[in-house]
Amino acid sequence: HPPTRISPETSMLRLWQTMDLDTANAVPFFRAYSATLTDHFYTTNYAEMKTVTSSGTYVLEKTPGFVFRTPEPSTVPLLRLYSPGATDHFYTTNATEANYVIINGGYGTEGTGAYVYATQVGGSIPLYRLYNPAILDNFFTTDEAEKQNAILNLGYTDLGITCYVLRSL
């Protein structure tokens, strides 16, 4: 058999998808959950997470991955929104979606929560978004088993990939 020829574009794409990313400025994307409020909360700010969890309302959970506090090459803003009526935090890279939930869903903006990858690059992994309409909770995870458990046992619906983050270092 003759060798399979790979186009230069395909070769560069494969290289881009497998190259190591510069993690020097990466920070944990902390996650906490409040059973009382049925809300998942994510932040890059350890002091903010400490304040939220010290009240006892939220409990620190595992970190789904690493993100950036400031823009890095190939990253986009991950917008953080909050609905006081639903007591729900929501995160998206899509400004149109953010505007929609602000206008129609009672959410307010809390600015940029982190900088993430819109597409898979280097060693990045998907951050999945799930939603439970019974408790009005958006849930984000990089763990496939956790995602499946939420869908099969906890009433969440898979809403796809929100963005890509760095796996826990």
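Everything that follows concerns the structure shown earlier in this document.
About the thresholds
Residues numbered from 1 in each chain as written. Predicted model: local features only at pLDDT ≥ 70, side-chain atom pairs only at ≥ 80, totals over all residues. Heavy atoms only, no water. Buried < 20%, exposed > 50% of the residue type's maximum accessible area, 1.4 Å probe, protein only. Helix = DSSP H or I, 4+ residues; strand = E, 2+ residues; numbered from the N terminus. Pairing = 2+ DSSP bridges. Lys, Arg positive; Asp, Glu negative; His and termini not counted. Salt bridge = Lys/Arg side-chain N within 4 Å of Asp/Glu carboxyl O. Contact = heavy atoms within 4.5 Å. Core = buried A, V, L, I, M, F, W, Y, C linked by side-chain atoms within 4.5 Å. Phe/Tyr/Trp six-rings, centres within 6.5 Å; stacked < 30°, edge-to-face > 60°. Axes fitted to C-alpha atoms, helices over the stretch in contact; angles between N-to-C directions.

Novice: I keep staring at unusual backbone geometry and nothing clicks. Help me out?
Specialist: In the Ramachandran plot, Ser 74 falls in the positive-phi region, its phi being about 70 degrees despite a non-glycine side chain. You can call Ser 74 partly exposed: its relative accessible area is 42%. Residue Leu 136 is not a glycine yet carries a positive backbone phi of 55 degrees. Mapped onto the elements, Leu 136 comes out in the loop between strand S9 (124-132) and strand S10 (137-141).

Novice: Is there a simple way to think about the pairing of strand S7 (residues 88-92) in this case?
Specialist: Regular strands show a simple pattern: their side chains alternate between the two faces of the sheet. Of all the 5 residues making up S7, 5 are buried; the element is thus mostly covered by neighbouring parts of the structure. Neither face of S7 is open: one carries Asp 88, Phe 90 and Thr 92, the other His 89 and Tyr 91, and all of them are buried. The pairing of strand S6 (residues 75-83) with S7 spans 5 bridges and is antiparallel. Along S7, the bridge assignment pairs Arg 80 with Tyr 91. The antiparallel pairing of S6 with S7 creates a hairpin that spans 4 residues between the two strands, and Thr 87 there sits at a positive phi of about 40 degrees.

Novice: Got a minute to help me understand the side chain of Asp 39 in this structure?
Specialist: Tracing the backbone through its elements, the reader meets Asp 39 in strand S3 (residues 39-43). As a buried residue without a salt bridge, Asp 39 has its nearest oppositely charged side chain in Arg 80, at a separation of 9.0 Å. In this view, Asp 39 contacts Ala 32, Tyr 33, Ser 34, Tyr 58, Tyr 82, Thr 87, Asp 88, His 89 and Asp 137; residues no more than four positions away in its chain are not counted.

Novice: Is there a simple way to explain the nonpolar core in this structure?
Specialist: Burial of nonpolar side chains together is a common tendency in soluble globular proteins. Formed by 30 residues in total, the largest nonpolar core has its most connected members in Phe 29, Val 67, Leu 81, Tyr 91, Val 116 and Val 165. If you tally residues by element for this core, the top one is S9, at 4 residues. Filtering out sequence-adjacent residues up to four positions away, Tyr 91 remains in contact with Phe 29, Phe 41, Tyr 42, Leu 78, Leu 79, Arg 80, Phe 140 and Thr 162. In this structure, Ala 26, Phe 68, Tyr 117 and Val 121 belong to the second largest nonpolar core, which totals 8 residues.

Novice: In this structure, what is going on with the packing of aromatic side chains? I would like to understand it.
Specialist: For any pair of aromatic rings, the description consists of the separation of the ring centres together with the inter-plane angle of the planes. Enumeration according to the criterion identifies 10 aromatic pairs in this entry. On the numbers, 6.2 Å between centres and 85 degrees between planes, the contact of Phe 29 with Tyr 91 is edge-to-face. With Phe 29 in the loop between strand S1 (26-28) and strand S2 (30-34) and Tyr 91 in strand S7, this residue pair connects regions lying 62 residues apart in the sequence. Three or more aromatic residues link up through ring pairs in this structure, and these residues are Phe 29, Tyr 42, Tyr 91 and Phe 140.

Novice: Can you help me understand the sheet that holds strand S4 (residues 59-61) in this one?
Specialist: Backbone hydrogen bonds are what pair the strands of a sheet, in a parallel or an antiparallel way. With antiparallel pairing, the 3 strands of this open sheet are ordered in space as S3-S2-S4. The open sheet has two edge strands with one neighbour each: S3 and S4. Going across the sheet, the axis of each strand differs from the next one's by a mean of 35 degrees, ignoring polarity. Judged from the 3 bridges that link them, S2 and S4 form a sheet pairing that is antiparallel. The partner of Ala 32 across the bridge, within S4, is Leu 60.

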